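# Per-entry structural report
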Amino acid sequence: MRIVEFVAPVEFVAHINEKKDCLMSQDKTQNDPEVLWFNIDVPKGHGVKPGDMIKVTLEKV
C-alpha cells in the first residue's frame, strides 16, 4: 500500500562511512504541511549530487 510519493531536490549529501552516504532535503520552516522532506542513508556509488531532483516513495509491505 502506497503511503506517500513526492519529488524534492537533494540539498546535501553527507559522507557517513566508507559504505554509505546520507541524502537530505529539509523544509526550511517546518510550518508548511504541504512540504515534505527526507533524510535517508544510501549505498555509495549512487551518483546523486546536491540539486538533483529525486522521487521518494514510501510503501507499506
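Scope of this entry: the structure provided in the associated data block. Quick caveat: nothing in here was measured; it's all calculated off a predicted structure. (Residues numbered from 1 in each chain as written. Predicted model: local features only at pLDDT ≥ 70, side-chain atom pairs only at ≥ 80, totals over all residues. Heavy atoms only, no water.)

In this fold, D21 is placed in strand 3 (residues 20–25). In terms of polar contacts, D21 uses its side chain to reach the side chain of K44, at 2.5 Å. There is a polar contact of 2.8 Å between the side chain of D21 and the side chain of H46. Ignoring any residue separated from it by four or fewer positions in sequence, one finds D21 in contact with V13, A14, H15, I16, I40, D41, V42, K44 and H46. (Helix = DSSP H or I, 4+ residues; strand = E, 2+ residues; numbered from the N terminus. Polar contact = N/O pair within 3.5 Å; in protein donor to acceptor, adjacent residues only side chain to side chain. Contact = heavy atoms within 4.5 Å.)

Locating K19 in the fold gives a position in the loop between strand 2 (12–15) and strand 3. According to the relative accessible area criterion, K19 is exposed, its value standing at 63%. Distance from K19 to V42, taken between C-alpha atoms, is 8.6 Å for residues 23 residues apart in sequence. Ignoring any residue separated from it by four or fewer positions in sequence, one finds K19 in contact with V42, P43 and K44. (Buried < 20%, exposed > 50% of the residue type's maximum accessible area, 1.4 Å probe, protein only.)

Formed by F6, A8, V10, L23, F38, V42, I54 and V56, the largest nonpolar core amounts to eight residues. Secondary-structure elements contributing two or more residues to this core are strand 1 (2–9), strand 4 (38–43) and strand 5 (53–59). Setting aside anything within four residues of it in sequence, one finds L23 in contact with F12, V13, F38, N39, I40, V42, H46, V48 and I54. (Core = buried A, V, L, I, M, F, W, Y, C linked by side-chain atoms within 4.5 Å.)

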